[in-house]
Amino acid sequence: MSIKNSNLSLNSANKLFFLRKFIESPFQIGSVTPSSKFLAAKMLEPLDWRSIRAIAELGAGTGVITKYIQAFKHPDCKAAVFEKDHEMRSKLKTCYPEMMYFEDALGLSEQLQAAEIGSLDVVVSGLPFALFETSVRKRIVDAVIDSLKPNGIFVTFQYSLQMKTMLINNFSQVEISFVPLNIPPAFVYVCRK
C-alpha cells in the first residue's frame with residue numbers, strides 16, 4: 001500500500017487547527033503546519049507492515065502519520081500513540097479509537113509496560129527534538145532503545161542534522177535522507193537497534 005497513492009488527505013481545518021496549536025505552544029509544537037504526505041511516505045517507506053505487531057508513535061500531533069499507521073498496520077498489531085497536547089490527543093482518540101493513547105513520551109517504557117504491550121518493532125517520532133534540552137533528548141532516545149526489540153526500528157524527522165551524532169552513537173545503523181517537499185524541508189532518520 002502506498003502513501004503517495006492513498007486517498008487519505010489533510011483538510012484545511014486540520015491545518016488551521018495545527019497552526020492555532022503552534023501559536024498557543026510554539027515550544028511544544030515544532031512547526032506551523034503538519035507534516036506533508038511526502039514526509040509521511042519517506043518515514044514509513046522502510047517498514048515491513050506484515051511483520052510489525054507492536055508500534056508506537058511519539059508526538060502524533062493532528063495524526064498525519066497516525067492515519068497511515070491505522071491504514072497499514074496488521075489487524076494483530078498493537079499501536080500506542082503519545083501526544084502531550086490534550087486537545088490533539090482527544091481528537092486522535094475520536095478518529096482512531098482502537099489505538100492506545102498516552103500523554104508523555106518520557107514515560108514510554110513505563111506506559112508500555114503498564115499497558116502490557118511489550119517490546120516494540122517500530123517507534124515513529126514527530127517530536128521536535130530541537131526544542132528540547134539535551135538531557136530530555138537523551139532520556140527519550142534511551143526510552144526508545146529500551147522499548148525496541150532487537151533489530152527494532154526508530155524513525156524520526158528533524159529540520160536539521162542536530163540529532164545525527166546522538167543517534168549514530170546510540171543505534172547500530174542510521175540512514176539519513178532528505179525530503180524537500182515539506183514545510184520546512186526535513187531530514188528523515190531511520191535508526192536500527
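Conventions we followed
- Residues numbered from 1 in each chain as written.
- Predicted model: local features only at pLDDT ≥ 70, side-chain atom pairs only at ≥ 80, totals over all residues.
- Heavy atoms only, no water.
- Buried < 20%, exposed > 50% of the residue type's maximum accessible area, 1.4 Å probe, protein only.
- Helix = DSSP H or I, 4+ residues; strand = E, 2+ residues; numbered from the N terminus.
- Pairing = 2+ DSSP bridges.
- Right-handed = clockwise from strand over helix to strand, strands pointing away.
- Salt bridge = Lys/Arg side-chain N within 4 Å of Asp/Glu carboxyl O.
- Contact = heavy atoms within 4.5 Å.
- Phe/Tyr/Trp six-rings, centres within 6.5 Å; stacked < 30°, edge-to-face > 60°.
- Axes fitted to C-alpha atoms, helices over the stretch in contact; angles between N-to-C directions.
- Core = buried A, V, L, I, M, F, W, Y, C linked by side-chain atoms within 4.5 Å.

### Details of the pairing of strand 2 (residues 78-82)
Where burial is concerned, most of strand 2 is hidden: four out of the five residues are buried. Sheet topology note: the strand 1 (residues 54-58)/strand 2 ladder contains five bridges and is parallel. Looking at strand 2, one finds that A56 is bridged to A80. On the question of chirality, the crossover connecting strand 1 to the parallel strand 2 by way of helix 3 (residues 64-72) is right-handed. Direction of pairing for strand 2 relative to strand 3 (residues 100-102): parallel, over a ladder of three bridges. Considered in strand 3, the bridge of A80 is made with M100.

### Remarks on the pattern of salt bridges
In this structure the tally under the stated criterion is five salt bridges. Here D48 makes a salt bridge to R50, at a shortest N to O gap of 3.0 Å. Between K149 and D121 there is a salt bridge, and its shortest N-O distance comes to 3.1 Å. Of this pair, K149 sits in strand 5 (residues 148-158) while D121 is found in strand 4 (residues 120-125), placing the two residues 28 residues apart along the sequence.

### Describing the environment of V141
With respect to the helices and strands, V141 occurs in helix 6 (residues 134-147). Contacts of V141, omitting those with residues within four sequence positions, involve M163, M166, L167, N170 and F171.

### Observations concerning the packing of aromatic side chains
Two aromatic rings are characterised by how far apart their centres lie and by the angle between their planes. Evaluation of the coordinates by the stated rule reveals seven aromatic pairs. With a centroid separation of 5.7 Å and an interplanar angle of 65 degrees, the aromatic rings of F157 and Y159 are classed as edge-to-face. Relative accessible area serves as the criterion here: at 7%, F157 is assigned to the buried category. When the centroid spacing of 5.0 Å and the interplanar angle of 50 degrees are considered together, the rings of F178 and F187 count as tilted.

### Digging into the sheet that holds strand 2
What links the strands of a sheet is backbone hydrogen bonding, and the strands pair in either a parallel or an antiparallel sense. Strands sit in the order 3-2-1-4-5-7-6 across an open sheet of seven strands; the sheet is mixed. With partners counted over all chains shown, the strands left at the sheet margins are strand 3 and strand 6 (173-179), one partner each. Here the strands of the sheet are splayed against their neighbours by 15 degrees on average, with no regard to which way each runs.

### What to know about the nonpolar core
M43, L47, W49, I55, V124 and V188 are the most contacted members of the largest nonpolar core, which totals 30 residues. Residue assignment for this core shows that the elements contributing at least two residues are helix 2 (37-44), helix 3, strand 2, strand 4, strand 5 and strand 7 (186-192). Apart from residues lying up to four places away in sequence, I55 is in contact with W49, I69, C77, K78, A79, A80, L120, V122 and V124. Counting residues in hydrophobic clusters, the runner-up holds 28 residues, among them L127, F129, M166 and F171.

Nothing here speaks to function; it is geometry throughout.
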